[in-house]
Amino acid sequence: MFEATRLECMRGDSRLFSEVGFLLEPGGLLHVRGPNGSGKSSLLRMLCGLILPEAGEIRWNGVNIRHSHDYNRALTYLGHLNGIKEELSGLENLRINCGLAGFDISEETAIDALERIGLDGREHLPVNVLSQGQRRRVMLARLLVARTPLWILDEPLVALDADAIGLMRSLFELHLENGGMLILTTHQELEIAAGVAQEIRFFS
Amino acid sequence: MFEATRLECMRGDSRLFSEVGFLLEPGGLLHVRGPNGSGKSSLLRMLCGLILPEAGEIRWNGVNIRHSHDYNRALTYLGHLNGIKEELSGLENLRINCGLAGFDISEETAIDALERIGLDGREHLPVNVLSQGQRRRVMLARLLVARTPLWILDEPLVALDADAIGLMRSLFELHLENGGMLILTTHQELEIAAGVAQEIRFFS
Amino acid sequence: MNWGSFSAFLHMGGYAFYVWSSFGLSFLLLALELLLLSGRRRTLLKRLGQIQRLNASRGSK
Amino acid sequence: MSKINLYKFASPATFYGLAGQMIPGFAILSAILFAVGLYIGFFVAPTDAQQGEAYRIIFIHVPAAWMSMFIYVVMAVYAGVGLAFNTRLSAMMAQALAPTGALFAFIALFTGSFWGKPMWGTWWVWDARLTSQLILFFLYIGFISLQAAIDDPRRSDRAGALIALVGVINVPIIYFSVKWWNTLHQGASISLTKAPSMAHTMLAGMLIMAIACWTYTIAVALSRVRLIILERERHSTWVSELLEDIK
Amino acid sequence: MSMLAWIMKRDLLLAIRRKSDVLTTLFFFVIMVSLFPLGVGPEPQLLKAMGPGVLWVAALLASMLSLGRLFAADYADGTLEQMLLCPESLALIVLAKAAIHWLASELPLVLMAPLLGLQFGLSGDALWVLTLSLLLGTPVLSLVGAIGASLTLGLRGGGVLVSLLVLPLYIPVLIFGAGAVDASTSGLGAEGHLSILGALLVLALLATPKAVAAALRISLE
Amino acid sequence: MSMLAWIMKRDLLLAIRRKSDVLTTLFFFVIMVSLFPLGVGPEPQLLKAMGPGVLWVAALLASMLSLGRLFAADYADGTLEQMLLCPESLALIVLAKAAIHWLASELPLVLMAPLLGLQFGLSGDALWVLTLSLLLGTPVLSLVGAIGASLTLGLRGGGVLVSLLVLPLYIPVLIFGAGAVDASTSGLGAEGHLSILGALLVLALLATPKAVAAALRISLE
Ligand code: HEM
Ligand SMILES: Nc1ncnc2c1ncn2[C@@H]1O[C@H](COP(=O)(O)OP(=O)(O)OP(=O)(O)O)[C@@H](O)[C@H]1O
Ligand SMILES: Nc1ncnc2c1ncn2[C@@H]1O[C@H](COP(=O)(O)OP(=O)(O)OP(=O)(O)O)[C@@H](O)[C@H]1O
Ligand SMILES: [Mg+2]
Ligand SMILES: [Mg+2]
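Computed from a predicted model, the values in this text were never measured in an experiment. (Residues numbered from 1 in each chain as written. Chains lettered and ligands numbered in written order. Predicted model: local features only at pLDDT ≥ 70, side-chain atom pairs only at ≥ 80, totals over all residues. Heavy atoms only, no water.)

Visitor: Can you break down the pattern of salt bridges residue by residue, with the values?
Guide: Within this structure, the stated rule accounts for 31 salt bridges over all chains. Between Arg45 of chain B and Glu81 of chain F there is a salt bridge, with its nearest N and O atoms 2.5 Å apart. Note that Arg45 of chain B is positioned in helix α1 (residues 40-48) and Glu81 of chain F in helix α4 (residues 79-84), a pairing that runs across two chains. Residues Arg45 of chain B and Glu81 of chain F agree in their burial class; the two are buried. (Salt bridge = Lys/Arg side-chain N within 4 Å of Asp/Glu carboxyl O. Helix = DSSP H or I, 4+ residues; strand = E, 2+ residues; numbered from the N terminus. Buried < 20%, exposed > 50% of the residue type's maximum accessible area, 1.4 Å probe, protein only.)

Visitor: Tell me about the coordination of the magnesium ion (ligand 4), and name the residues and values.
Guide: Note on the magnesium ion (ligand 4): its protein donors are Ser41 of chain A (OG) and His80 of chain A (NE2). The metal-donor distances range over 1.9 to 2.7 Å. Taken as a pair, Ser41 of chain A in helix α1 (residues 40-48) and His80 of chain A in the loop between β6 (75-78) and α3 (90-100) lie far apart in primary sequence, 39 residues in all. (Donors = N, O, S within 2.8 Å, 3.2 Å for Na, K, Ca; no water.)

Visitor: Mind laying out the interface of chain D and chain C, listing which residues take part and the relevant values?
Guide: Opposite the 48 residues of chain D that make contact, chain C presents 31 residues. Regarding the contact of chain D and chain C, the summed buried area is about 3,400 Å², with carbon and sulfur atoms giving 72% of it. Looking at the side of chain D facing chain C, the largest losses of area belong to Phe42, Phe43 and Leu227 of chain D, adding up to 18% of the total buried there. Summed over the shared surface of chain D and chain C, the number is two salt bridges. The shortest N-O distance in the salt bridge between Glu231 of chain D and Arg40 of chain C comes to 3.9 Å. Run the count over chain D and chain C and you get four residue pairs in polar contact (both at pLDDT 80 or more). For the side of chain D that touches chain C, the secondary-structure elements that each account for two or more residues are α2 (12-44), α3 (58-85), α4 (88-120), α7 (200-232) and α8 (237-246) of chain D. Top element by residues in the side of chain D that touches chain C is α4 of chain D. It accounts for twelve residues. (Contact = heavy atoms within 4.5 Å. Buried area = accessible area lost by both parts, 1.4 Å probe. Polar contact = N/O pair within 3.5 Å; in protein donor to acceptor, adjacent residues only side chain to side chain.)

Visitor: Talk me through the nonpolar core; I want residue IDs and the actual numbers.
Guide: The biggest cluster of nonpolar side chains holds 299 residues, and the ones touching the most others in it are Phe2, Leu47, Ile152 and Ile183 of chain B, Phe29 of chain E together with Phe29 and Met32 of chain F. When residues no more than four places from it in sequence are discounted, the contact partners of Ile183 of chain B are Phe2, Phe22, Leu24, Leu30, Val32, Leu44, Leu47, Leu150, Trp151, Ile152 and Leu153 of chain B. Counting residues in hydrophobic clusters, the runner-up holds 39 residues, among them Cys98, Val127, Met139 and Leu182 of chain A. (Core = buried A, V, L, I, M, F, W, Y, C linked by side-chain atoms within 4.5 Å.)

Visitor: A description of α1 of chain B should follow, citing residues and the corresponding values.
Guide: Residue and element names in this part refer to chain B. Counting buried positions along α1 yields eight of nine residues, so the element is predominantly enclosed. Considered for burial, the residues of α1 that qualify are Lys40, Ser42, Leu43, Leu44, Arg45, Met46, Leu47 and Cys48. Within two residues after α1, Gly49 carries a phi angle of roughly 90°, on the positive side.

Visitor: Could you give an account of the confidence of the model for chain D, naming the residues involved and the relevant values?
Guide: Should pLDDT be low for a region, the predicted coordinates there are not to be read in detail. All names here are of chain D. Residues at a pLDDT of 70 or more form 88% of chain D, whose mean pLDDT is 83. For chain D, the element scoring lowest by mean pLDDT is helix α1 (residues 2-9), at 48; α3 scores highest, at 92. For this predicted complex, the interface score ipTM comes out at 0.78, while the overall pTM is 0.81. (pLDDT = per-residue confidence, 0-100.)

Visitor: An account of the interface of chain A and chain B is needed here, citing residue identities and associated values.
Guide: Chain A puts 17 residues into the contact, and the matching count from chain B is 17 residues. Here chain A packs against chain B, burying approximately 1,300 Å² in sum over the two surfaces, 49% of which is carbon and sulfur. Counting the surface chain A buries against chain B, the share from its top three residues, Asn36, Gln132 and Asp161 of chain A, is 34%. Linking chain A with chain B are zero salt bridges. Applying the counting criterion to the chain A and chain B interface returns eight residue pairs in polar contact (both at pLDDT 80 or more). The leading source of residues in the side of chain A that touches chain B is helix α5 (residues 132-145) of chain A, at four residues. Looking at side-chain class alone, the side of chain A that touches chain B contains five nonpolar, nine polar and three charged residues. (Nonpolar A, V, L, I, M, F, W, Y, C, P; charged D, E, K, R; others polar.)

Visitor: Explain the environment of Asn128 of chain B to me, and be specific about the residues and the numbers.
Guide: Residues and elements named next belong to chain B. With respect to the element layout, Asn128 can be found in the loop between α4 (107-116) and α5 (132-145). Taking the C-alpha atoms as reference points, Asn128 and Gly62, 66 residues apart in sequence, are found 42 Å from one another. Excluding residues within four positions of it along the chain, Asn128 makes contact with Glu86 and Arg135.

Visitor: So what about the packing of aromatic side chains? Which residues, and what values?
Guide: All told, the structure shown has 29 aromatic pairs over all chains when counted by the stated rule. Summarising the aromatic geometry, the rings of Phe17 of chain A and Phe202 of chain A are spaced 5.2 Å apart at their centres and angled 25° between planes, so their arrangement reads as stacked. One end of the pair, Phe17 of chain A, is in strand β2 (residues 14-24); the other, Phe202 of chain A, is in the segment after β9 (196-201), and 185 residues separate them in sequence. Judged by its relative accessible area of 4%, Phe17 of chain A falls in the buried class. On the basis of relative accessible area, Phe202 of chain A is assigned to the buried category, the value being 7%. Among the aromatic residues, ring-to-ring pairing joins Phe17 and Tyr18 of chain C together with Phe106, Phe110, Phe114, Trp123, Phe137 and Phe138 of chain D into one connected group. A cation over a ring is seen here: Arg226 of chain D above Tyr16 of chain D, with NZ or CZ 4.1 Å from the ring centre. (Phe/Tyr/Trp six-rings, centres within 6.5 Å; stacked < 30°, edge-to-face > 60°. Lys NZ or Arg CZ within 6 Å of the ring centre and 35° of its normal.)

Visitor: Break down the packing of helix α3 (residues 90-100) of chain B against α5 of chain B for me, citing the residues and quoting the values.
Guide: Residue and element names in this part refer to chain B. In the contact formed by α3 and α5, the axes pass within 9 Å of each other and the chain directions differ by 50°. In terms of axis orientation, α3 runs oblique to α5. At the point where α3 passes α5, the crossing takes the right-handed sense. Of the residues in α5, those in contact with Gly90, Asn93, Leu94, Asn97 and Cys98 of α3 are Val138, Ala141, Arg142 and Val145. By residue class, the composition of the contact of α3 with α5 is five nonpolar, three polar and one charged. (Axes fitted to C-alpha atoms, helices over the stretch in contact; angles between N-to-C directions. Parallel < 35°, antiparallel > 145°, perpendicular 65-115°, else oblique. Left-handed = near helix turned anticlockwise from the far one by under 90°.)

Visitor: An account of the site of ligand 2 is needed here, citing residue identities and associated values.
Guide: Lining the immediate surroundings of ligand 2 are 22 residues, of which Lys40, Ser41 and Ser42 of chain A together with Ser131 and Gly133 of chain B lie closest. More than a single chain frames ligand 2: its nearby residues are located in chains A and B. Backbone polar atom of Gly37 of chain A to an oxygen atom of ligand 2: 2.7 Å apart, as the coordinates give it. In this structure, an oxygen atom belonging to ligand 2 sits 3.1 Å away from a side-chain N or O atom of Gln134 of chain B. For ligand 2, whose accessible area on its own is 660 Å², the fraction buried by protein is 90%. Elements with a contribution of two residues or more to the shell around ligand 2: α1 of chain A together with α5 of chain B. When grouped by side-chain class, the residues that make up the shell around ligand 2 number five nonpolar, 13 polar and four charged. (Near = heavy atom within 4 Å. Areas by Shrake-Rupley, 256 points an atom, 1.4 Å probe, with all protein chains shown as cover.)

Below, the structure written as structure tokens:
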């Protein structure tokens, strides 16, 4: 159970948002919407613990995430930055990223995941020769093998083509059906036909 | 008049595309489509002269762009990278980018452009505190003041919200109506109701 | 003929260490270069063979 | 369309076969010449009055020093041609020559050092010639590591060519500056030109060893360039046909 | 594999993949040391006197320069963010990264040092002591420098301040390191200097990882 | 304003905005020079003999380190791409950027040098010649270094690779620069050295911008 109450965020001199709260149960989807610069990314980073809230509290299974020991183990956050190394191949990046996140995957699993996300034949290329969308896919491939219950994704659909978006949608649905939780921003339309959906909408 | 004949592009071991050609008249729109990694960005960079074609020729008003003196003056290219400095403000970035592209704009013009693109009140903030979408807008503001006939835009809509996309669409339409040319890629749907549209479609 | 005996040849008038190290190491390095080259050739051919077999199997599908 | 002709002339496919035919000849020649050179160096050339037997190092030291300088120039010429006319083969030749050049530079350095210890009593002095040889070695290493750091072959060819050209322009500047630096400072520096008066046999031995090194270099560079060609052209049809033949 | 093993494996892999990176630190060291005679002049006596100092200053600078790579890339591409979010202790992660960094970019330099010492005409004994002092001293440099590297990530404007803070910590290492060699050439015996270097190393191993972890959290806020 | 003026204005603005960057080069220079007495020991005679060489080597290294900033940021954020596409001659742009780079990060260092020279007990004459030689020599370093910086763009570890490529090319400047000071202290007169430095500067001004432009095109392909 993931819960936030009366969150407030200051940026520079201005209050980006205040009194933001929600309660997310297993299978719950939270869609954060709003125009550019309204504070979506800031909220998501705050939920991960990367920004301290000005006021309010974020609780994972009832424990404030600042004191929770297993929150980091339960979380997968993918942001604007790719978090992948240009010199390493997609395969190496995926395995290492998973290792860093605390779970090992075998080479076969990794290759299989990359293949499913549409990078077959390119697993061994260094990432810096890949196209923009392919790089994002390397990053997103982690979702195919992650077994964490909480996903926080900041604009995961950027630079993806229609096929890949379809793939992501079905992945999200599967995750929700399996009792995962999903917090998401995107400017594109995305119909997710599973889970209990909520929405937070920011205005600029 | 912008023309390309029988272009071919090699990347690593593989031939990304070959026998690509088109003829763009004033008011013409060329939409380059295709899935991730199919070669759209490579084609656009080639059209700018940043990648040498393996075979084929690109001509601006009948002259190969490698020997043309006024091609660079006629071109505005915006790619995946923002080309903006994190430490400078949006205003400084815009004025400097225009200066680099060969035309001066006054401070008022620049402020006006930034305001129109939805950055009012943030002209003087350093870019590194802006949100993802706001950064893209700083880059795109150049299109509001550019008077070049040929625009080559690689996924200009990434990270933009619906309002900004609407603004860009009307901007493109105005450009085409004024006899400009536009070459564009995007994975999002975008109906442009002006100009003579052509399409190049890549398959992966 | 410069050398009275084989051991005089090896002794090199007291400079054996310097002379033989110079020549020995030099030719060792040249030999090593040849060795590396042939090793590189072997691995390359193996890899090219693999690629080709892969392409062939893909083509037949 | 002279460019196309040039392209065909320097086509990797034809060159691959040509090089394959030339290698054995040069290899055999070099083996014979090395044997003759060493024979002259050790058995025909007389003992030096001042330096005793230690001077025999000259038979490897000087040819290696010559080679290291000469190969750099040849490499730069290839690189320049490659840059100017966009011929892939010249860039590959430059790339193929570099390791051997670096190797000879290194051999000159340490054989010199092994000569210096008994003659001067020290492994190293900051003499002009020694210093510029050291710098030449660094130039080689720079060229090689730049090319190694770039994955894209086209970029690596051209970047390497540029740095080789810049280097070759600088080699004389470096050489004279170092020379001047040293002589200005040091009255009593050890001068290499006061080397033992060279008997004809010594000169002959050195020349033969130098030619042996040359033929060795040609053989090695050609076989290395063949590998580079194979690697670069691995997707062309002629390479796959070739691979069929090998099997 | 444990997560630490993954981090070490990854950093090693990156070091190997960026071979030129590691090699060039070494060559930077080599070239820099070789530059001094060119600037100062070729008199053997002078060179012998300044040899240990030059080698140590060069090692210090080379190590400082290579520190930029310790976190910067991970910071820029978001990996550091992910490390902060991961369930292992950040101090341990820092230690693992620093260890691999030292192994890949500073150990080769230490091994090269005696060869360069020859260029300055140092004696065999002095060369031994030099190598030993570098072996003990360079890990301290890496660890202390990591504090600076992690602070610079956030405080873009504070680069100068950071070097100001870190440098006083570098100076003892330099003094005892170069001093050890001097002591051995002048026949005083280098044990005292070397054992102080050892003590500094233990201190650095215990104290710095936590400091770096804290600095990283500050930088990523 | 012309486009070149814009580029210069922008680079100056950035240098001011990233004040710490510029200060670090200076700081590095000061620290390195001050470290030597610590590493080598306090004998005045030794210090005086090595003073010019150390100052010059330090200036050279400081200038080399600042090279990383010449194009790297513009490359990473895509500005360099835009410069390639812009209607002005690329060689001129390169020259403009190098000029500002020199002004912002090397001129302060040149002005600081006499002060540091005092630490080594150099005479007034020697200090003059030192400053003059640095004034002539450092622009050559910037220009030649720009070649290395542009060739290694986008290559990880480029920073250290640059030094490998560029240091051998720096040697003539170092030799004549440090030589000028030595010549003046030993009463030989420094005119010869200084005029050679001048000649090198002219050569560099004529030849390098084109080479750098070519290198940039290669790197951005
Ligand atoms: C590490 C130490 C040394 C290095 C790097 C070195 C480098 C060189 C180079 C580059 C050359 C060719 C120069 C030319 O042909 O213009 C050369 C030639 C030569 N070196 Fe050395 N050398 C070293 C030590 C020595 C020593 C110790 C001796 C003898 C005592 C020596 C004797 C010679 C002789 C006799 C030649 C031929 C000179 C000529 O052709 O005019 N070298 N060396
Ligand atoms: N120091 C500051 N001073 C003023 N405003 C600031 C400062 N730092 C950040 N901001 C503002 O805070 C907001 C940050 O928004 P955030 O990145 O969360 O937006 P977002 O909703 O993710 O937008 P996007 O859709 O563009 O990604 C921006 O509007 C930015 O201008
Ligand atoms: N060295 C290389 N070896 C193999 N493939 C390469 C190499 N360099 C580039 N490629 C491939 O070339 C393609 C480049 O595609 P490009 O960036 O033009 O794609 P795109 O159509 O713009 O894709 P996106 O929609 O994701 O931006 C990619 O498929 C990439 O994997
Ligand atoms: Mg955002
Ligand atoms: Mg693209």
